[in-house]
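Now for the letters of each chain:
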Number of protein chains: 2
Amino acid sequence: MIRVEEAIAIVEANSTKMPVKQISVSKALGYVLAEKVISPINMPPFRQSAMDGYAFKHSIRHQYDIVGVSQAGDHSNIKLKTTEAIRIFTGAFVPDNADTVVMQEHVMANKESILIAAMPEKNTNVRPKGEQIAKGEVVFEANTLITPAAIGFLASLGIMTIAVYKKPKSAILVTGNELVKPGQKLKKGKIFESNSVMLQAGLQTFGLEKTKVYRVKDNLKATKKALESILNKFDIVLISGGISVGDYDFVKEALLQNDVKELFYKINQKPGKPMFFGSKNETLVFALPGNPASSLTNFYIYVAPAIKNKMGFAEIHKPKLVRKLNADIQNTTGKTLFLKAKYDETNVTVLDGQSSAMLNTFAVANSLLIVPQEIEEYKKDELVTLLPID
Amino acid sequence: MIRVEEAIAIVEANSTKMPVKQISVSKALGYVLAEKVISPINMPPFRQSAMDGYAFKHSIRHQYDIVGVSQAGDHSNIKLKTTEAIRIFTGAFVPDNADTVVMQEHVMANKESILIAAMPEKNTNVRPKGEQIAKGEVVFEANTLITPAAIGFLASLGIMTIAVYKKPKSAILVTGNELVKPGQKLKKGKIFESNSVMLQAGLQTFGLEKTKVYRVKDNLKATKKALESILNKFDIVLISGGISVGDYDFVKEALLQNDVKELFYKINQKPGKPMFFGSKNETLVFALPGNPASSLTNFYIYVAPAIKNKMGFAEIHKPKLVRKLNADIQNTTGKTLFLKAKYDETNVTVLDGQSSAMLNTFAVANSLLIVPQEIEEYKKDELVTLLPID
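The shown structure was predicted, so the numbers you read here are calculated from the model rather than taken from an experiment. (Residues numbered from 1 in each chain as written. Chains lettered and ligands numbered in written order. Predicted model: local features only at pLDDT ≥ 70, side-chain atom pairs only at ≥ 80, totals over all residues. Heavy atoms only, no water.)

Chemist: It is not clear to me how the interface of chain A and chain B should be interpreted in this structure. Could you clarify?
Modeler: On the side of chain B, 72 residues touch chain A, which itself brings 71 residues to the contact. In total, chain A and chain B occlude about 5,800 Å² of area from one another, counting both sides; carbon and sulfur atoms represent 64% of this. Taken together, the links from chain A to chain B amount to zero salt bridges. Taken together, the links from chain A to chain B amount to seven residue pairs in polar contact (both at pLDDT 80 or more). (Contact = heavy atoms within 4.5 Å. Buried area = accessible area lost by both parts, 1.4 Å probe. Salt bridge = Lys/Arg side-chain N within 4 Å of Asp/Glu carboxyl O. Polar contact = N/O pair within 3.5 Å; in protein donor to acceptor, adjacent residues only side chain to side chain.)

As structure tokens, then:
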């Protein structure tokens, strides 16, 4: 049985990056850059007005004749005399021999001429060519997450495709003779199988949309056979159930017989202790506990960072939060606890219903409060560490 | 010109909820419940063992004969004598006349009998029927966001479909003669059009996947005509550009001629001042500034909460964060500033490059630091308020 910190480190060390693919910028939200991006142009591509106003060559004069107009999209390189100005709009081309734009609010104007009431300094309101980025400069380094702003910036440079890490293909293998599919009749002794849709949704939060679900009977032969084909087809395999110490748990055996390398089994934590983590080639296998709340806890603690690592994220762990505790917590287990909790701007409350079977608490929680295995007690008003899950 | 706080309140007051639809639980991630959900069953549906161990009727005896087994999925209601126990596994049915389960680790066992070394109290390790939720109880109230945990819980109750608010259908109308589509040749005076893909990605973060993009020439007639058909087809219409004070801006006129009710125009903020917000029937119209960074700022401040309100979210604003400022900030504008910033666990740094044209800063920011219009200065180490955008 290993410590939580060790288990997290082992997952991180073994989740290798996915292969690289080219993707259209417009479809890249949520992907991570596999290579740095270089700007193909200067941005802005020309000297641009930053205001609606008048462009002129700066001098001691206050009065100028209006001899033309430059609106956004124009490119008439009007040759201005020192006594002349042009009407100009935000984003429009500034003629080569103008150097300054005065805001229209600082001018008295008629159709033919302007009188500048408040003279700006030379070069005011002119965005230099390449001010934002010059041709050949780095737009984004590798491992940058593609956000709406990043998409906008790439598009503004005319970049159509980028190199990103592929998203892992994922499968879920469900075991358990006690399980009945929702929608079917619930016979005595059975429960509805809910982990597969829950884990599918968890994977979906990372944009892994097409997770395949497989169901097998609770026996070694069926499980071994199902794993044979699954292990070669997917990058991440989640197995739900069949991994605790009970006599009827044989998932670990089926994995080992399929040459899955055991990287750890059982973690000194509550809930979520009976978990197997292994790999075969580049495929990661997480055999998660069957209890829904344990399963989801370990999804957030171990599976989520592994996905982010495979997808190329620079930072695979969510930043932890520190909050003031609303009531004492005891930890008599000697294990690291992950408690479903709800935090606000300053405080955190541990929710009722921490049983590993109870998902309803999870549904209203926004965080897991971490009580490390050495800590026997946290007192009210102590500062504690949370992993946000919202 | 109105205050930011007023503008936010007006958006909130006018973004009415979407119609309701039935959706499969497995496809409901990110939707919001329109009606409360009632549990159709007890959960657990029967008395369940919480451990791998032995079930028996609690007494002063320590030795019991093993007369059967109950594994998960079984429902053999074995009648136990007071001298008898059965092998039982986590989640399995507990026979009616057993009341206690002893963990296997607390027992010495051979094939025929057990000797309990550490006697648990009566009722230990037996999950009562309906412990998690009873038939007829409320599973979730209306306006609950469907998370992976919520999906798991609903599925565990055998619930297949739920009533949620539809997601708004959205369109983007792009104006601007200076704009060239990425991939085309960048002629002199032109810039690449990037706001549409940026705003599409912003909408996609709320699961609005199929945003339609329309492009029109910079004139009243074309804009008016395009709006005629768009306004009747979509719930949220974003217009990019054509809304500032320049002579060539006519979007507002086209909106008013299409019977869009003006709810506000221009907000006392920087960036993002020239914005029009209006409505026609239930359709919301946001005419956003053409400058990319202004456009995205107003997307986060105004459009995002409107989407969440239409989708039925209980809380439409992200919780604000408070952090310690790393350097002085001046505000000589008399406007509310939204500064691209990066925060960590304790501090916040305002990023270089706050110009309304600059998206590169936005791509590395994780928050907008809010400087209210009355504040002329924040000093280093002061606590300031942030809107997270990650």
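Chemist: When you look at the relation of the copies chain A and chain B in this model, what are you seeing that I'm missing?
Modeler: Copy one and copy two of the chain differ by a rotation about a common axis and a shift along it. Overlaying chain A with chain B gives an RMSD of 0.0 Å, the required rotation being 180 degrees about an axis along which the chain moves by 0.0 Å. What the superposition gives is, in effect, a two-fold axis relating one chain to the other. Looking at chain A, 100% of its interface residues are interface residues in chain B too, so the copies touch through the same face. (Least-squares fit on C-alpha atoms with pLDDT ≥ 70 in both.)

Chemist: Would you take a moment to explain the sheet that holds strand 18 (residues 261-265) of chain B for this structure?
Modeler: Sheet strands pair by backbone hydrogen bonding; their relative direction is either parallel or antiparallel. Residue and element names in this part refer to chain B. Ordered in space as 16-13-17-21-20-18, the six strands form an open sheet in which the pairing is mixed. Strands at the two margins of the open sheet, each flanked by one partner only, are strand 16 (212-216) and strand 18. Averaged over all pairs of adjacent strands, the angle between their axes in this sheet comes to 20 degrees, without regard to strand direction. Where strand 13 (residues 170-175) and strand 16 come together, five bridges link them in parallel fashion. What sits directly across from Leu 173, in strand 16, is Tyr 214. Contacting strand 18, strand 20 (276-280) and strand 21 (283-288), helix 1 (residues 4-14) runs over the sheet at an angle of about 155 degrees to strand 18. (Pairing = 2+ DSSP bridges. Helix = DSSP H or I, 4+ residues; strand = E, 2+ residues; numbered from the N terminus. Axes fitted to C-alpha atoms, helices over the stretch in contact; angles between N-to-C directions.)

Chemist: Help me understand unusual backbone geometry in this model?
Modeler: Backbone phi values are negative for most residues with the exception of glycine, while trans is the configuration of most peptide bonds. Residues and elements named next belong to chain A. Note the cis peptide between Met 43 and Pro 44, where omega equals -5 degrees. The residue Asn 123 is not glycine, and still its phi comes out positive at about 80 degrees. Inspection of the secondary structure assignment puts Asn 123 in the loop between strand 9 (113-116) and strand 10 (126-127). Owing to a relative accessible area of 47%, Asn 123 belongs among the partly exposed residues under this scheme. At Asp 381, a position not held by glycine, the phi torsion is positive, near 75 degrees. Take Asp 381: it is sitting in the loop between strand 27 (377-378) and strand 28 (383-388). Residue classification places Asp 381 among the partly exposed residues on the basis of a relative accessible area of 43%. (Buried < 20%, exposed > 50% of the residue type's maximum accessible area, 1.4 Å probe, protein only.)

Chemist: What should I look at first to understand the sheet that holds strand 5 (residues 63-70) of chain B in this one?
Modeler: Residue and element names in this part refer to chain B. Spatially, six strands are ordered 7-4-6-5-9-8 in an open sheet, and the strand pairing comes out mixed. The sheet is open, and its two borders are formed by strand 7 (100-103) and strand 8 (107-109), each paired with just one other strand. The mean angle between the axes of side-by-side strands here comes to 35 degrees, regardless of whether they run parallel or antiparallel. Relative to strand 6 (residues 84-88), strand 5 runs parallel, the two being bridged by four bridges.

Just distances and angles here, no functional claims.
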